[in-house]
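Chain by chain, the residues:
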Amino acid sequence: CRPRPSSCRPWKSGTPRQAVHNGGGAVQYIGGGVALLTIAQTLGAVFRLAGAVVLIAAVLLMVLPAKSVRGLVQRVAEVVLFTALLYGISLLPNAG
């Protein structure tokens, strides 16, 4: 990625370890966004918004260069994803 930074892509990151890390992140963000959109069908618009934020973050992480605001985008996506999931769990009826 050094000779031509404009050609760098997160999925072409160099080491196999980094590729596994990036793949896990993709599963987390894309899967989490889709899960929130699915939950929104039952629990409402707040989950639709959260799902959209997480999916937009996933796309941004695929296109933003390595030395940019990627860390901030990741933190925002994680806070939105996990806060929404915890809120969704809090809405479940108590079992027993």
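Residues numbered from 1 in each chain as written. Predicted model: local features only at pLDDT ≥ 70, side-chain atom pairs only at ≥ 80, totals over all residues. Heavy atoms only, no water.

**Remarks on the packing of helix α1 (residues 16–43) against helix α3 (residues 70–90)**
So, point 1. Axis separation between α1 and α3 bottoms out at 11 Å; the angle between their running directions is 35°. For α1 against α3, the interelement crossing comes out left-handed. Residues Gln28, Tyr29, Gly32, Leu36, Ile39 and Leu43 of α1 form the contact with α3, whose participating residues are Gln74, Ala77, Glu78, Leu81, Phe82, Ala84, Leu85 and Gly88. (Axes fitted to C-alpha atoms, helices over the stretch in contact; angles between N-to-C directions. Helix = DSSP H or I, 4+ residues; strand = E, 2+ residues; numbered from the N terminus. Left-handed = near helix turned anticlockwise from the far one by under 90°. Contact = heavy atoms within 4.5 Å.)

**Remarks on the nonpolar core**
So, point 1. Judged by nonpolar contacts, the single largest core of 14 residues is most densely connected at Tyr29, Leu36, Phe47, Val54, Val73 and Ala84.
So, point 2. Those elements that place two or more of their residues in this core are α1, α2 (45–63) and α3.
So, point 3. For this core, the element with the highest residue contribution is α2, accounting for 6 residues.
So, point 4. Beyond its immediate chain neighbours, meaning those up to four positions away, Val73 contacts Ala57, Leu60, Leu61 and Leu64. (Core = buried A, V, L, I, M, F, W, Y, C linked by side-chain atoms within 4.5 Å. Buried < 20%, exposed > 50% of the residue type's maximum accessible area, 1.4 Å probe, protein only.)

**Focus on the packing of aromatic side chains**
So, point 1. A full pass over the atoms with the stated rule returns 1 aromatic pair.
So, point 2. Ring geometry for Phe47 against Tyr87: centres 5.7 Å apart, planes inclined by 15°, an arrangement best described as stacked. Residue Phe47 is found in helix α2, and its partner Tyr87 is found in helix α3; the two are separated by 40 residues along the sequence.
So, point 3. Taking relative accessible area as the criterion, Phe47 reaches 1% and is therefore assigned buried.
So, point 4. Exposure remark for Tyr87: the relative accessible area of 41% places this residue in the partly exposed category. (Phe/Tyr/Trp six-rings, centres within 6.5 Å; stacked < 30°, edge-to-face > 60°.)

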